[in-house]
Amino acid sequence: MLSYDEILAHLTEPSGDRLERLRRRADALRRERVGDVVYLRGLIELSNHCRRNCLYCGVRAGRRGIARYRMTIDEVLQAASLAKRFGYGTVVLQAGEDAGLSDETIAEIIAAIKQKFSLIVTLSLGERPDSAFLRWKEAGADRYLMRLETSNRRLFEAIHPSGGGDGGVAKTTDRVAMLGRLRQMGYQIGSGVMIGIPGQTTEDLARDLMLFSELRLDMVGSGPYLPHSDTPLGKAAEALALPQDDPRRAALLRQAGWRYPEADRQVVPSNEMAFAMIALTRLLLPGANIPSTTAIATLDGQHGRAMGLRSGANVVMPNLTPTKYRALYEIYPNKAATLETPDQTHAAAIRQIRDAGLIPESDRA
Ligand code: SF4
């Protein structure tokens, strides 16, 4: 078991030989504990409506000027049928916190996917009441992803303001407690963090990893923070890039509403840091399912995903959202595969898995 100090040492300078040795160690443990098969989870982005105003997110309620969409049940089932056709074992149903997607509609979708395609259903639908989680479990849902984004409570609260587009969203809830309740309900639980949020330190990331281990997460997906210029945090990130003595800096930060005092302390939101986080997650949770995330593939479309897999990851989540909606689910800009069809996304994922010398789950279907 790695100590906090060892974790911190690995995160302090994730580059060169040291990173390479860490990645090799995690890759070997991945091979030993979960094998060479890479699991494919078909991602379906159901809706880009959201009542929340997370400062970093491109579909936050307060962002004007983007078209909003909500997939019909038929469209969702059509996308799920592709997962079956491509030989995936799981679909991931993801959306903003959309009041227009009722608990019953979601339950209906889950039940239909189970009945027609016998796929594992993972949900990533944000913070919802326990009654909804229970209803969805009863309908057949298997797993729930609830990202912590950061375990630093003050930083979490700085990027997740109270009040949403409908004005009625309570102050941030306790996601750790929520994950515990989800597990008690019978869900497999997953989480993850953003890497390189303004103000986030290597100590914060080390504590995130210790918490993943404490929670004994079944799945952990972390990726670099990618600033969206049309969000308050994106604007703050631009201001923070200016020299300390630049007079525009303070004014721009005020304008962006960014008041986190340690804002200047920030780990670099790089893929190297993401690979170190993946490798350390594997060493702490040898049997976990760990995706090589879309954010990693967005930073390096050529090699990112394969490098993530060679750092200890064993899951890829190809996007099966209909092409006409993909660009609208713009949590961060230039997201990988936005202009592709599901067939192209599938083919690229298979190629990247083989590039990493691993075996796509679909080859075993
Ligand atoms: S991060 Fe999730 S909850 Fe927050 S605004 Fe974006 S979609 Fe909504």
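Structural data are supplied above this passage.
Caption draft 1: Broad picture of the overall build of the protein chain. If you tally the helices and strands in the protein chain, you get 15 helices and 10 strands. Taken along its principal axes, the extent of the C-alpha atoms in the protein chain is 60 × 50 × 40 Å. Relative to its 365 residues, the protein chain shows a buried fraction of 50%. Across the protein chain, every contact between residues at least 6 apart in sequence was considered, and the portion connecting residues at least 24 apart equals 81%.

Caption draft 2: The pairing of strand S1 (residues 37-47), seen in detail. Of all the 11 residues making up S1, nine are buried; the element is thus mostly covered by neighbouring parts of the structure. Strand direction decides the pairing type here: S1 and strand S10 (residues 359-360), joined by two bridges, are parallel. Looking at S10, one finds that Val 38 is bridged to Pro 360. The pairing of S1 with strand S9 (residues 315-316) spans two bridges and is parallel. Paired with Leu 40 across the bridge in S9 is Val 316.

Caption draft 3: View of the site of the ligand. Neighbouring the ligand are Cys 50, Arg 52, Cys 54, Cys 57, Val 59, Arg 60, Gly 96, Glu 97, Gly 126 and Ile 331. Of the residues belonging to the shell around the ligand, the class tally is five nonpolar, two polar and three charged.

Caption draft 4: Structural context of the packing of helix H1 (residues 4-12) against helix H8 (residues 202-215). Between H1 and H8, the least distance of the axes is 9 Å, while the angle of their chain directions is 130°. Classified by the angle their axes make, H1 and H8 are oblique. In the packing of H1 onto H8, the handedness of the crossing is right-handed. In contact with Tyr 4, Ile 7, Leu 8, Leu 11 and Thr 12 of H1, H8 contributes Thr 202, Glu 203, Leu 205, Ala 206, Leu 209 and Met 210. Looking at the contact of H1 with H8, its residues break down into eight nonpolar, two polar and one charged.

Caption draft 5: Just the pairing of strand S3 (residues 120-124), in detail. Where strand S2 (residues 90-95) and S3 come together, five bridges link them in parallel fashion. For Val 91, the partnering residue across the bridge sits in S3 and is Val 121. Tracing the backbone out of S2, into helix H4 (residues 103-117) and back to the parallel element S3 gives a crossover that is right-handed. The handedness of the S3 to strand S4 (residues 143-145) crossover, carried by helix H5 (residues 130-139), is right-handed.

Caption draft 6: Molecular detail of H1. Within H1, the full set of buried residues consists of Ile 7, His 10 and Leu 11. Down the axis, H1 shows its buried residues gathered within 95° of arc, on one side only. Among the structural elements, helix H2 (16-34), H8 and helix H11 (271-284) are those in contact with the buried residues of H1.

Caption draft 7: Examining the nonpolar core more closely. By size, the foremost hydrophobic cluster in this structure holds 106 residues, and its most contacted members are Ile 44, Val 91, Leu 93 and Ile 195. It is H11 that contributes the most residues to this core, 10 residues altogether. Dropping the residues within four chain positions of it, Ile 44 is found in contact with Val 76, Ala 79, Ala 80, Val 91, Val 92, Leu 93, Gln 94, Leu 320 and Thr 321.

Caption draft 8: Looking closely at the environment of Glu 157. With respect to the helices and strands, the residue Glu 157 is situated in helix H6 (residues 153-159). C-alpha of Glu 157 to C-alpha of Met 277: the two residues are 120 residues apart in sequence and 23 Å apart in space.

Caption draft 9: Representation of the packing of H2 against H11 in the model. Relative to each other, H2 and H11 sit at 40°, their axes nearing to 9 Å. On the basis of the axis angle, H2 is oblique to H11. Judged by the twist between their axes, the crossing of H2 over H11 is left-handed. Side by side, H2 and H11 meet where Leu 19, Leu 22, Arg 23, Arg 25, Ala 26, Leu 29 and Arg 30 of the first sit next to Glu 272, Phe 275, Ala 276, Ile 278, Ala 279, Arg 282 and Leu 283 of the second. In terms of residue class, the contact of H2 with H11 is built from nine nonpolar, no polar and five charged.

Caption draft 10: The arrangement of helix H3 (residues 73-86) in detail. For H3, which comprises 14 residues, the first-to-last C-alpha distance of 20 Å matches the rise-based estimate of 20 Å (1.5 Å per residue) to within 8%. Against the buried residues of H3 lie S1, S2, H4 and helix H15 (342-355). Positive backbone phi, approximately 85°, marks Gly 87, located one or two places after H3.

Caption draft 11: Quick look at unusual backbone geometry. One non-glycine residue, Ser 118, lies in positive phi territory at about 50°. In this fold, Ser 118 is placed in the loop between H4 and S3. Positive phi is not limited to glycine here, since Arg 216 has a value of about 50°. Relative to the elements of secondary structure, Arg 216 occurs in the loop between H8 and strand S7 (219-220).

Caption draft 12: Local environment of the environment of Gly 287. Residue placement: Gly 287 occurs in the loop between H11 and helix H12 (294-299). Taking C-alpha positions, Gly 287 is 9.2 Å from Met 219, a pair spaced 68 residues apart along the chain. Beyond its immediate stretch of four places on either side in the chain, Gly 287 contacts Arg 33 and Val 34.

Calculation criteria
Residues numbered from 1 in each chain as written. Predicted model: local features only at pLDDT ≥ 70, side-chain atom pairs only at ≥ 80, totals over all residues. Helix = DSSP H or I, 4+ residues; strand = E, 2+ residues; numbered from the N terminus. Buried ≥ 20, exposed ≤ 12 C-beta atoms within 10 Å, placed from the backbone. Contact = placed C-beta atoms within 7 Å. Pairing = 2+ DSSP bridges. Near = placed C-beta within 6 Å. Nonpolar A, V, L, I, M, F, W, Y, C, P; charged D, E, K, R; others polar. Axes fitted to C-alpha atoms, helices over the stretch in contact; angles between N-to-C directions. Parallel < 35°, antiparallel > 145°, perpendicular 65-115°, else oblique. Left-handed = near helix turned anticlockwise from the far one by under 90°. Right-handed = clockwise from strand over helix to strand, strands pointing away. Arc of directions from axis to C-beta. Core = buried A, V, L, I, M, F, W, Y, C linked by C-beta atoms within 7 Å. Expected span 1.5 Å × (residues − 1).

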